[in-house]
Amino acid sequence: MVAVELVLNGVGLKADLSGALIWPERNLLVVADLHLEKGSAFAQRGQLLPPYDTSATLDRLEQVIRRLDPETVICLGDSFHDSRASERIAPRNAAHLTAMTAERDWVWITGNHDPEPPAHLGGRVAESVTLGPLCFRHEAREGAGGEVSGHYHPVAAIRVHGKRVRARCFASDGQRLIMPSFGAYTGGLNVLDRALAPLLGRRFEVRMIGSERLFAFPSARLEPDPERVRYQ
């Protein structure tokens, strides 16, 4: 299955195999944590990574947009890895991104990595967006309802036939949804980590992203990561 249905605060949504979220009724596409130019940021600090993360992320994003043809795209913050990412982005990637933002209503939600997304690449900037019963923001807030957020790069681990499988996931308790990161060089935080306990509570569900389909599991089936393993 390329997409699976889920209900958030009474609204029917679809979790896509790509890691994007679809609100069919509003023809809306949501992605979280692109972290464009993370590779070049690491290179400046002496940690060399292949410098292809931005082009790979943009190519994947364009494929999803072409397939689903949304009217509106919301990027849930940390779309750029830091405040100087737009200065390092290659001209061809900047042109690619600008072409995409010009084709539809494009919203950059501000994140902790990019509190001021660059204006010259198109789109409009907002701290959060509320549409009907749903609110789209970067970081989840305790007690919020109808909330779609990113920031934590959630992953889930489960044991199947004796083998431990760990993958990106959508995590939801029916009132809030924390989305997986979309960027090529983003790690992940286990949904059972104590940092997420005040947000997701004891009972929630995940949609784990496999190679060809998504898999739904209750939180009771999941495994924590070994001690001190975070964002691997």
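My aim in this report is to walk through the structure given alongside it, one point at a time. (Residues numbered from 1 in each chain as written. Predicted model: local features only at pLDDT ≥ 70, side-chain atom pairs only at ≥ 80, totals over all residues. Heavy atoms only, no water.)

Moving on, we come to unusual backbone geometry. Positive phi outside glycine occurs at Asp69, with the angle close to 50°. Even without being a glycine, His151 presents a positive backbone phi close to 75°.

In this section: the side chain of Ser18. Along the chain, the position of Ser18 falls in the loop between strand E2 (11–16) and strand E3 (21–23). A polar atom in the side chain of Ser18 sits 2.6 Å from the side chain of Asp16. When near neighbours in sequence (up to four residues on either side) are disregarded, Ser18 contacts Arg60, Val64, Arg67, Arg168 and Phe182. (Helix = DSSP H or I, 4+ residues; strand = E, 2+ residues; numbered from the N terminus. Polar contact = N/O pair within 3.5 Å; in protein donor to acceptor, adjacent residues only side chain to side chain. Contact = heavy atoms within 4.5 Å.)

Strand order in this open sheet of seven strands is E1-E2-E3-E4-E5-E6-E7, and the pairing throughout is mixed. Edge positions in the open sheet fall to strand E1 (3–8) and strand E7 (124–126), since each of these has one partner strand only. The sheet shows a mean angle of 25° between the axes of neighbouring strands, taken without regard to direction. As paired elements, E2 and E3 share two bridges and run antiparallel to each other. Note on E3: the bridge partner recorded for Ala15 is Leu21. Its contacts with the sheet place helix H2 (residues 53–68) against E2, E3, strand E4 (28–31), strand E5 (72–75) and strand E6 (105–109), and it is angled at close to 160° to E4. (Pairing = 2+ DSSP bridges. Axes fitted to C-alpha atoms, helices over the stretch in contact; angles between N-to-C directions.)

Remember, this is a structural readout, not a statement about activity or role.
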